[in-house]
Amino acid sequence: MDRLYIKATENTPKIDFNPSLEQFEISGKSIPEDSLGFYNPVMDWLEEYAKSPSGRTVFSFKLEYFNTSSSKVILDILYILEKISGLVVNWYYDEDDEDMEETASEFNEVVDFEINLVINE
Amino acid sequence: MTKKLNVFHKEASILEKVKQDIGDESISKETLEKSYQDLASHYEKLLKETKVLTSVSDRLHTKLNDANQQLNIQKNEIGEVNEELQLNNQVLQDTINMLMKAKVGQKASSIVLLIAIVLFIFSEWFIEPIIEENTTSEYTGLFLKGIIALLLKPIDIVIERFLMRRAMRNVNKQP
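Reading guide: rules and limits
- Residues numbered from 1 in each chain as written.
- Chains lettered and ligands numbered in written order.
- Predicted model: local features only at pLDDT ≥ 70, side-chain atom pairs only at ≥ 80, totals over all residues.
- Helix = DSSP H or I, 4+ residues; strand = E, 2+ residues; numbered from the N terminus.
- Contact = placed C-beta atoms within 7 Å.
- Pairing = 2+ DSSP bridges.
- Axes fitted to C-alpha atoms, helices over the stretch in contact; angles between N-to-C directions.
- Right-handed = clockwise from strand over helix to strand, strands pointing away.
- Nonpolar A, V, L, I, M, F, W, Y, C, P; charged D, E, K, R; others polar.
- Parallel < 35°, antiparallel > 145°, perpendicular 65-115°, else oblique.
- Core = buried A, V, L, I, M, F, W, Y, C linked by C-beta atoms within 7 Å.
- Buried ≥ 20, exposed ≤ 12 C-beta atoms within 10 Å, placed from the backbone.
- pLDDT = per-residue confidence, 0-100.
- Expected span 1.5 Å × (residues − 1).
- Bend = angle between axes of the 7 residues up to and from the residue.

1. A closer look at the overall build of chain A
Within chain A one finds three helices and six strands. When its helices and strands are written in sequence order, chain A yields β-β-β-α-β-α-β-α-β. A fraction of 69% describes how many contacts in chain A between residues 6 or more apart in sequence connect residues 24 or more apart.

Quick look at the structure:
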């Protein structure tokens, strides 16, 4: 599959899904007015990728802040990721950002794979 | 027109499907039961998600609120520093003005002194002989020198004002 790259804006995160490198990343701030409008193509791409994924998929969340509707979409993305084998999900957060750490832990409770908590360097 | 979807569109379509099944009299009891089980299962999942999303949302709102409070504190601190800066700036400006005035006053005094010397020499060499030739009064020369001495202060004021205006123009021209 072709790489999916969406540049970050003031309200939307950077999306960089690169199957050839087996690296998938959502990073930045996610506060779009129309969360589904922004994430629908992303989820469609992921659904398609989930049908024939690479041997290894390293998915990284590097989010600074997101609104409520984005958190619902993130949950939907996590459900899509459940279908992928050879999956590693990393959730990056700042050392002093307990909120982001706890948020990842809560997402971890509703999915059937382990979300690795990684402190930003 | 395409209806704009929201993030809960999947959940809404599940609910719609079950509502249709309930309203369909031709549907069998077994199918309706299956539909009810699906609804209960989706409801359970949705409830779990809602708990997580509410908790996540509350936490992020707290984070936003904390950041906002921090911003307000910093805004107040910046305001206080700004006021202090303005005050110091005024003190500095007053000092600059005083220094400039002193410098201009000194310059004006030097010019007036030069004018006084020139006028004194002029009166001694050129005017005094003319007066001596044409008048018999010994006070005329003294009177003239008195006038010159009295004119020195107004000349000093005029020169000082002129130099001050020029200095202010130069200060305003600076970026």
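2. Structural notes on the sheet that holds strand β2 (residues 14–18) of chain A
Residues and elements named next belong to chain A. The sheet built from six strands is open, its strands ordered β1-β2-β3-β4-β5-β6 with mixed pairing. A single partner strand is all that each edge strand has here, and the edge strands are β1 (4–6) and β6 (115–119). Averaged over all adjacent pairs, the angle separating strand axes in this sheet is 15 degrees, with direction ignored. Of the strand pairs in this sheet, β1 and β2 are connected by three bridges, and their pairing is antiparallel.

3. Considerations on the pairing of strand β3 (residues 23–30) of chain A
Residues and elements named next belong to chain A. Of the strand pairs in this sheet, β2 and β3 are connected by five bridges, and their pairing is antiparallel. Looking at the pairing, I15 lines up with I26 of β3. Hairpin geometry of β2 and β3 is characterised by an intervening segment of four residues between the two adjacent antiparallel strands and by a positive phi of about 60 degrees at E22. Note: β3 against strand β4 (residues 57–66), eight bridges, orientation parallel. Residue pairing in the sheet places G28 in a bridge with L63 of β4. Handedness of the crossover is the feature at issue here: the chain leaves β3, passes through helix α1 (residues 35–51), returns alongside β4, and the resulting connection is right-handed.

4. A look at the interface of chain B and chain A
Tallying the contact residues gives 13 residues for chain B and 17 residues for chain A. When grouped by side-chain class, the residues that make up the side of chain B that touches chain A number six nonpolar, three polar and four charged.

5. Side note on the packing of α1 of chain A against helix α2 (residues 68–81) of chain A
Residue and element names in this part refer to chain A. At a closest axis distance of 10 Å, the pairing of α1 and α2 adopts a crossing angle of 5 degrees. One element, α1, and the other, α2, form an angle in the roughly parallel class. Side by side, α1 and α2 meet where S35, L36, Y39, M43, L46, E47 and A50 of the first sit next to S69, S70, V73, D76, I77 and I80 of the second. A breakdown of the residues in the contact of α1 with α2 according to their chemical character gives eight nonpolar, three polar and two charged.

6. Some details on the nonpolar core
Residue and element names in this part refer to chain A. Grouped together as the largest cluster of nonpolar side chains are 21 residues, with contacts concentrated most on F61, V89, W91, Y93, A104 and I115. Counting only elements with at least two residues in this core, the list comes to β2, β3, α1, β4, α2, β5 (87–93) and α3 (98–110). Contacts of A104, omitting those with residues within four sequence positions, involve W91, Y93, I115 and L117.

7. Observations concerning the confidence of the model for chain B
Close inspection of predicted coordinates is inappropriate in any region flagged by low pLDDT. Predicted confidence across chain B gives a mean pLDDT of 88, with 96% of residues reaching 70 or more. In the predicted assembly, ipTM is 0.82 and pTM is 0.69.

8. Details of the environment of F24 of chain A
Residue and element names in this part refer to chain A. Residue position: F24 is located in strand β3. Since 27 C-beta atoms lie within 10 Å of it, F24 is described here as buried. Separated by 37 residues in sequence, F24 and F61 have C-alpha atoms that sit 8.6 Å apart. Excluding residues that lie within four positions of it along the chain, F24 makes contacts with F17, T57, V58, F59 and S60.

9. Observations concerning α1 of chain A
Residues and elements named next belong to chain A. When the terminal C-alpha atoms of α1 are compared, their 24 Å separation across 17 residues agrees well with the 24 Å that a helix rising 1.5 Å per residue should span. Where α1 bends most, the angle comes to about 25 degrees, and this point is P41. By the burial criterion, the buried members of α1 are S35, F38, Y39, L46 and Y49. Looking at the buried positions of α1, the neighbouring elements they touch are α2.

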